[in-house]
Amino acid sequence: MNREVTLPLIVDDRGTLQVAAADVSRLLRTVGGRWVRLVEAGEDGLDEDTVAALTIELAKLADRIDVACIAHSSGSAP
């Protein structure tokens with residue numbers, strides 16, 4: 001199943017970007033990594049397979065953000 005996700009950019013009234021894409025992709029990877037560490041530590045209530053699947057999807061989304069930014073900065077179409 002392929003679901004497209006649109007992330008609106010947060011800009012101020014002058015059009016200045018308020019959240020850098022690199023920060024968003026880093027946050028997604030950090031959240032996934034922390035979930036994995038909680039599972040490894042034996043945290044109750046976390047299903048290992050679910051955490052693994054969610055972590056993979058967060059990493060894929062972060063990858064897509066990174067690729068889109070590289071394409072944009074190089075002048076290429078995503």
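The structure under discussion appears in the preceding block.
All values reported here derive from a predicted model rather than from experimental measurement.

Asker: Would you explain the nonpolar core in this entry?
Answerer: The tendency in soluble globular proteins is for nonpolar side chains to be buried side by side. Listed in full, the 5 residues of the largest apolar core are Leu 28, Leu 58, Leu 61, Ala 62 and Ile 65. Sorting elements by how many residues they give to this core places helix H2 (residues 48–74) first, with 4 residues.

Asker: Please clarify how the environment of Val 31 should be interpreted in this entry.
Answerer: Within the secondary structure, Val 31 is located in helix H1 (residues 21–40). Overall, the relative accessible area of 28% leaves Val 31 in the partly exposed class. Spatially, the C-alpha atom of Val 31 lies 7.9 Å from that of Thr 55, the residues being 24 residues apart in sequence.

Asker: Hey, could you run me through a nonpolar patch on the surface in this one?
Answerer: The grouping of Trp 35, Leu 38, Leu 46 and Leu 54 at the surface amounts to a nonpolar patch, some 310 Å² of accessible area in total. Judged by relative accessible area, which is 36%, Leu 38 ranks as partly exposed.

Asker: Is there a simple way to think about the side chain of Thr 55 in this case?
Answerer: Checked against the element boundaries, Thr 55 lands in helix H2. Those residues in contact with Thr 55 that sit more than four places away from it in its chain are Gly 32, Trp 35 and Val 36.

Asker: Help me understand the pattern of salt bridges, please; the structure alone is not making it clear to me.
Answerer: Pairing is possible between side chains of opposite charge, provided their charged atoms come close. Following the criterion strictly, the structure yields 4 salt bridges and no others. Notably, a salt bridge pairs Arg 26 with Asp 23, separated by 2.4 Å at the nearest N-O pair. Here the residue Arg 26 and the residue Asp 23 both occupy positions in helix H1, the gap between them amounting to 3 residues, near one helical turn. Residue classification places Arg 26 among the partly exposed positions, given a relative accessible area of 48%. Residue class for Asp 23 comes out partly exposed when judged on its relative accessible area of 41%. The salt bridge partner of Asp 66 is Arg 29, with a shortest N-O separation of 2.8 Å. You can see Asp 66 sitting in helix H2 and its partner Arg 29 sitting in helix H1, a full 37 residues away along the chain. Classification of Asp 66 as partly exposed rests on a relative accessible area of 26%.

The rules we used
- Per chain, the residues get numbers from 1 upward, laid out in the order the sequence is written.
- Whole-chain, interface and lining totals are the exception, using all residues; otherwise, since this is a predicted model, local features are given only for residues with pLDDT of at least 70 and side-chain atom pairs are given and counted only at 80 or more.
- Side-chain numbers here rest on the full set of heavy atoms in the structure, without hydrogens or water.
- Side-chain atoms within 4.5 Å are what join buried Ala, Val, Leu, Ile, Met, Phe, Trp, Tyr and Cys residues into a set we call a nonpolar core.
- With a 1.4 Å probe rolled over the protein chains alone, any residue whose accessible area is under 20% of its type maximum counts as buried; one over 50% counts as exposed, and the rest are partly exposed.
- Only DSSP runs of H or I reaching four residues or more are called helices, and only runs of E reaching two or more are called strands; each is numbered from the N terminus.
- Like-charged residues within 9 Å of one another, or nonpolar side chains (Val, Leu, Ile, Met, Phe, Trp, Tyr) within 5 Å, are grouped into patches, provided each residue has over 30% relative accessible area and no salt bridge.
- Accessible areas in this description were obtained via Shrake-Rupley with a 1.4 Å probe; residue shielding takes into account the shown protein chains only.
- Here, a salt bridge means any Lys or Arg side-chain nitrogen found within 4 Å of an Asp or Glu carboxyl oxygen.
- Whether two residues are in contact is decided by their heavy atoms: any pair within 4.5 Å suffices.

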